[in-house]
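Coordinates in review
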Amino acid sequence: MSQGPRSGLAAVSSALLAMSRHLEVRDVLKTIVASARELLDAEYAALGVPDDHGGFAQFVVDGIGEEQWKAIGPLPRQHGILAAMLHEAKPERLADVRKDPRFEGWPSAHPEMSDFLGLPIRDGDEVIGALFLANKRCSAEGGAPRPKPQGGCGFTEDDEELLSILAQHAAIALTNARLYERSRELTIAEERSRLAHELHDAVSQKLFSLRLTAQAAATLVDRDPSRAKGELQQVAALAAEAADELRAAVVELRPAALDEDGLVATLRTQIQVLDRAHSARVTFTGHGVRALPAAQEEAFLRVAQEALHNALRHSGAEHVDVSLHKRGPDTVLRVTDDGSGFDPTTVRRAGRHLGLVSMRDRAGGIGGSLTVESVPGKGTTIELEAPGG
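Residues numbered from 1 in each chain as written. Predicted model: local features only at pLDDT ≥ 70, side-chain atom pairs only at ≥ 80, totals over all residues. Heavy atoms only, no water.

A separate point is the overall build of the chain. Along the backbone of the chain there are eleven helices and ten strands. Counting every position in the chain, which comprises 389 residues, the buried fraction comes to 41%. Taken as a whole, the chain presents about 21,100 Å² of accessible surface, with 52% of it coming from carbon and sulfur. (Helix = DSSP H or I, 4+ residues; strand = E, 2+ residues; numbered from the N terminus. Buried < 20%, exposed > 50% of the residue type's maximum accessible area, 1.4 Å probe, protein only. Areas by Shrake-Rupley, 256 points an atom, 1.4 Å probe, with all protein chains shown as cover.)

Quick look at the nonpolar core now. Leu263, Leu267, Phe300, Val320, Leu324, Leu333 and Leu370 are the most contacted members of the largest nonpolar core, which totals 34 residues. Only helix H8 (263–277), strand S6 (281–286), helix H9 (294–314), strand S7 (319–327), strand S8 (330–337), helix H11 (356–365), strand S9 (369–374) and strand S10 (380–387) provide two or more residues apiece to this core. Tallying contributions element by element places H9 first for this core, with nine residues. Ala42, Phe155, Leu163 and Ala177 belong to the second largest nonpolar core, which has 29 residues in total. (Core = buried A, V, L, I, M, F, W, Y, C linked by side-chain atoms within 4.5 Å.)

With that out of the way, let us pick up the sheet that holds S9. One open sheet holds the five strands; their spatial order is S6-S7-S8-S10-S9, and the pairing between them is mixed. Edge strands, defined here as strands with exactly one partner in the open sheet, are S6 and S9. Between one strand axis and the next, the sheet turns through 10 degrees on average, direction left out of account. Sheet analysis places S6 next to S7, joined by six bridges and oriented parallel. The residue of S7 that forms the bridge with threonine 283 is aspartate 321. Here H8 sits on the sheet and contacts S6, S7 and S8; the angle it forms with S6, its principal contact strand, is near 165 degrees. (Pairing = 2+ DSSP bridges. Axes fitted to C-alpha atoms, helices over the stretch in contact; angles between N-to-C directions. Contact = heavy atoms within 4.5 Å.)

Below, the discussion takes up the packing of aromatic side chains. Evaluation of the coordinates by the stated rule reveals five aromatic pairs. A centroid spacing of 6.0 Å and a plane angle of 5 degrees characterise the contact between phenylalanine 59 and tryptophan 69, whose relative ring orientation is stacked. Of this pair, phenylalanine 59 sits in strand S2 (residues 56–62) while tryptophan 69 sits in helix H3 (residues 66–72); the two residues are ten residues apart in sequence, bridging distant segments of the chain. Judged by its relative accessible area of 14%, phenylalanine 59 is buried. Overall, tryptophan 69 belongs to the partly exposed group, its relative accessible area being 24%. Residues phenylalanine 103 and tryptophan 106 carry aromatic rings whose centres are separated by 4.8 Å and whose planes lie at 75 degrees to one another, so their mutual orientation is edge-to-face. In this structure an aromatic cluster arises from ring pairing among Phe56, Phe59, Trp69, Phe116 and Phe132. (Phe/Tyr/Trp six-rings, centres within 6.5 Å; stacked < 30°, edge-to-face > 60°.)

With that settled, the discussion passes to the pattern of salt bridges. One pass over the structure, following the stated rule, counts 15 salt bridges. Of the charged contacts in the structure, one is a salt bridge between glutamate 160 and arginine 93, with a shortest N-O distance of 2.8 Å. Of this pair, glutamate 160 sits in helix H5 (residues 157–220) while arginine 93 is found in strand S3 (residues 92–94), placing the two residues 67 residues apart along the sequence. Taking the relative accessible area as the measure of exposure, glutamate 160 reaches 22% and is therefore partly exposed. The exposure class of arginine 93 is partly exposed, given its relative accessible area of 36%. Residues lysine 136 and aspartate 159 are paired through a salt bridge, measuring 3.2 Å at the closest nitrogen-oxygen approach. Residue lysine 136 is found in strand S5 (residues 126–136), and its partner aspartate 159 is found in helix H5; the two are separated by 23 residues along the sequence. The exposure class assigned to lysine 136 is buried, which follows from its relative accessible area of 15%. Through salt bridges with shared partners, a single ionic network connects Arg327, Arg334, Glu383 and Glu385. (Salt bridge = Lys/Arg side-chain N within 4 Å of Asp/Glu carboxyl O.)

Have a look at this one:
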């Protein structure tokens, strides 16, 4: 963020270009908020996307540190001035928000705010968000700071007009991001449908033959053991063929995103989707890893997906962190959660593998190794290390 206010066509153009660079909704929201705060030279900025239950599906702030944001507590509800912007769909420009009759206070950790400017973000007749700023900075000629008068510096009509332009373009950027994410979801659904057809065509006939042959063996066991033995050998052969068909169908299903975007970008995108879909915070860091052979990239992706599934579905974790980095000549995938953990030996004895067998098979298939560290009540770390990258 630059120091002092930015003005003129170049500043507006930079903000609009920044919004158009991102496709994921969360990145677009963050860019809108940061651009608005910088353009209008405010201490604080926020953007809320409403849900259908009186709250906010997403709420992004700029100007408040992470620790203070955590201390503030739960996301705000749609009440007071926020509700007015969402439901009446009109701008709100106030000299001191605390003196407005609709003001209902804020949590103790919330920063003090005075002058306020807020606008709805509209897509046609639908209000898809509310963008608002607080505490206009005071600057004299040339951008130098000047003392802040009682009640704040105040947002002007020009500020409101500038924010209105930004809000119109924010609506376009946000709508485009939603359409992009929806298209990715449809692609995933289509891929699942294709897999279902692949599996049905490749395996169902062999499984049907397998069942009939097993039934024939069962009827021959007592009266013709020799023939029964032959039927059982046929059962074994059919089972092996079915397993080969299934394996071939799954191997063929290399995720399209890997070919288009590579492993790091594919992991980052999938983890962003999981972060939005689950209450747990899911984060990703990836650096220093070059492109890997196709088989290795797919193995890393599948192990990450399995480990994430376990963490998000079974562990009750509040935070899951995924990292992909170099360690000497090797590439290392690490998935760590702060969930309930488990005793790996107990899991094996109980016959519940949590996908560990599949993950180890994938690691071995690319000349790598899988390490699982977990203690009940202390979370789980799964690490795949393989040569290359």
